[in-house]
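These are the residues of each chain, in order.
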Amino acid sequence: MGYKSILTILTDIDDVAPVLEATLPFARGQGAHLDVLCLGIDRTQTGYYFAGATAIIHEETQSQSRDHAKALEDAVRDRLGRTEITWAVEALVAQSAMVSGLVAHRAQFSDLVMLPKPYGEGRASDAPVIVEAAMFQGSAPVMVLPGNDRLPSDKPTRAVVAWNESAEALVAARRALPLLIAADCVEILIIDPPRHDTGAADPGAELSKMLSRHGARVEVSVIACTMPRISDMIERHVRDKDADLLVMGAYGHSRLREAILGGATRNLLEQASVPVLMAR
């Protein structure tokens, strides 16, 4: 059991080196095939230009997008040409409105999608769309890379599972099973469990039992929320415990067929200091 088909999607030349250097050792450890999609995104908005200019602008932006995708592909091929794992790279141009569908289709046939952090200074507006499309429409687990020196490991030392008994959290735990089984320790983190819930006497017991039967080494931590946001509590706990993986459900809703990440999910991704594996 593991991740044998890994996908990453690149739209920014500055992401090529850090994303590949984070993804390659993980793929190597899993014995996985790595697919890289290099996207040149045409952000032209028809109807916002004077009459007669649209065709000219479309042609120019399409050419720029093709050049950008080709530059990404060349950089990726240069790096992957020096690795022993199996890989494939493809360069495509897509208009902004088509990105979600394209990403979702590719993600559907991947065991894991590894992507750069979608929020933060200098990040393009398309970055969250790619993460959301892979999870919500592609139904794939997504590992968001923190963009620091905390590289993802296929054998984590300490993995934290943010647990609130939701369907999303359970899906994330199941999708993360290969990593949780391999981890030295798996901590089920529960913050302010409901006092009158049927499982309040022993919160996390059922998840702990399920993971333990797969061979994971599990402990349960129940803590009180002492900060304004749950996401702040989770991030602080991950730092305090020196965890190297966070597993959590992705929360959001569908609006006009577009997935919108919920506030807790967005906050965690903005401040994440370790790889975050999410699923829905």
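Going along each chain's sequence as written, the residues are numbered from 1 onward. Restriction of local features to residues with pLDDT of at least 70 applies here, the model being predicted, together with a cutoff of 80 or more for giving and counting side-chain atom pairs; totals for whole chains, interfaces and linings are based on all residues. The side-chain quantities take in all heavy atoms of the structure and omit both hydrogens and water.

Asker: Just to check I follow, could you spell out the environment of Glu 73 for this structure?
Answerer: Secondary structure elements follow DSSP: runs of H or I of four or more residues count as helices, runs of E of two or more count as strands, with numbering from the N terminus. Assignment of secondary structure puts Glu 73 in helix α2 (residues 54-80). Think of it in three bands: residues with accessible area under 20% of the maximum for their type are buried, residues over 50% are exposed, and the middle band is partly exposed, with areas taken using a 1.4 Å probe on protein chains only. Given the relative accessible area of 14%, Glu 73 is considered buried. Separated by 63 residues in the primary sequence, Glu 73 and Leu 10 have C-alpha atoms spaced 9.2 Å apart. Should any heavy atoms of two residues lie within 4.5 Å, those residues are considered in contact. Excluding anything up to four places from it in sequence, Glu 73 contacts Cys 38, Val 89 and Ala 91.

Asker: So what exactly am I meant to see when it comes to the environment of Met 233 here?
Answerer: With respect to the secondary-structure elements, Met 233 resides in helix α8 (residues 230-240). Residue Met 233 is classed as buried on the basis of its relative accessible area of 2%. When the C-alpha positions of Met 233 and Leu 268 are compared, they lie 9.8 Å apart, and in sequence the two are 35 residues distant. Ignoring sequence-local partners within four residues, the contact set of Met 233 consists of Ile 191, Ile 223, Ala 224, Cys 225, Thr 226 and Met 227.

Asker: Looking at this structure, I do not really get the sheet that holds strand β8 (residues 218-223). What am I missing?
Answerer: Two strands in a sheet stick together by hydrogen bonds in their backbones, pointing the same way (parallel) or opposite ways (antiparallel). Two strands make a pair as long as DSSP finds a minimum of two bridges between them. The mixed open sheet is built from 10 strands, whose spatial order is β3-β2-β1-β4-β5-β12-β9-β6-β7-β8. The open sheet terminates on both sides in strands that have one partner only, identified here as β3 (87-95) and β8. Within this sheet the neighbouring strands show an average axis-to-axis angle of 25°, counted without direction. One ladder, built from three bridges, connects strand β6 (residues 158-162) with strand β9 (residues 245-249); its direction is parallel. Across the sheet, Ala 159 pairs through a bridge with Leu 245, a residue of β9. Axis lines are fitted through C-alpha atoms, for helices just across the contact stretch, and the angle between N-to-C directions can take any value from 0 to 180 degrees. Against the sheet, helix α4 (residues 126-137) touches β1 (5-10), β2 (33-42), β4 (112-116), β5 (142-145) and β12 (276-279), its axis set at about 155° to β5.

Asker: Is there a simple way to explain empty space enclosed by the protein in this structure?
Answerer: A water-sized probe, rolled over the atoms, reveals where empty space remains. Think of a 1 Å grid over the protein atoms and nothing else: a 1.4 Å probe that fits but is trapped marks a cavity, an open set flanked by protein within 12 Å on at least five of seven lines marks a pocket, and residues with an atom within 4 Å of a point count as lining. Grid points are joined across faces, edges and corners, and a volume is the space filled by probe spheres set on the points. According to the stated counting rule, one finds two cavities of 30 Å³ or more in the structure shown. When its volume is computed, the largest cavity comes out at roughly 80 Å³. Forming the walls of the largest cavity are Ile 9, Leu 10, Thr 11, Asp 15, Leu 115, Pro 116, Pro 118, Arg 123, Ala 127, Ile 130 and Val 131. Counting residues per element, the ones that place at least two in the lining of the largest cavity are β1, β4 and α4. With three residues, α4 is the single largest residue contributor to the lining of the largest cavity.

Asker: It is not clear to me how the environment of Gln 62 should be interpreted in this structure. Could you clarify?
Answerer: The topology assignment puts Gln 62 in helix α2. Distance from Gln 62 to Ala 94, taken between C-alpha atoms, is 8.8 Å for residues 32 residues apart in sequence.

Asker: Explain the layout of surface pockets to me, please; I cannot follow it from the model alone.
Answerer: Taken as a whole, the second largest pocket spans an internal volume of roughly 260 Å³. Pro 18, Pro 116, Leu 145, Pro 146 and Gly 147 are, among the 16 residues lining the second largest pocket, the residues nearest its centre. For this classification, Asp, Glu, Lys and Arg are treated as charged, while Ala, Val, Leu, Ile, Met, Phe, Trp, Tyr, Cys and Pro are nonpolar and the rest, including Gly, are polar. Class assignment for the residues of the lining of the second largest pocket results in nine nonpolar, two polar and five charged.

Asker: Would you mind going over the pattern of salt bridges with me for this structure?
Answerer: When a carboxyl oxygen of Asp or Glu lies within 4 Å of a side-chain nitrogen of Lys or Arg, that pair is called a salt bridge. A full pass over the atoms with the stated rule returns 16 salt bridges. Here Arg 123 ties to Asp 15 by a salt bridge, and the two come within 3.1 Å at their closest N and O atoms. Placement of the pair is Arg 123 in the loop between β4 and α4 and Asp 15 in the loop between β1 and α1 (16-30), with a sequence separation of 108 residues. The partly exposed category is assigned to Arg 123, whose relative accessible area is 25%. Across the pair Lys 209 and Glu 206 runs a salt bridge whose closest N-O atoms are separated by 3.6 Å. Here Glu 206 and Lys 209 lie together in helix α7 (residues 205-213), a separation of three residues that amounts to about one turn. By relative accessible area, Lys 209 is classed as partly exposed at 36%. When salt bridges that share partners are traced, they join Arg 158, Glu 187 and Glu 219 into one network.

Asker: Please explain the packing of helix α3 (residues 99-107) against α4 as it appears in this structure.
Answerer: Contact geometry for α3 and α4: axes closest at 8 Å, N-to-C directions at 50°. Classified by the angle between their axes, α3 and α4 sit oblique to one another. For the element pair α3 and α4, the recorded crossing hand is right-handed. For the pair formed by α3 and α4, the contact residues are Val 99, Ser 100, Val 103, Ala 104 and Ala 107 on the first element and Val 129, Ile 130, Ala 133, Ala 134 and Gln 137 on the second. Split by residue class, the contact of α3 with α4 holds eight nonpolar, two polar and no charged. Angles are sorted into four bins: roughly parallel if under 35 degrees, roughly antiparallel if over 145, roughly perpendicular if 65 to 115, and oblique for all others. By definition, turning the near helix anticlockwise from the far helix through less than a right angle yields a left-handed crossing, and turning it clockwise yields a right-handed one.

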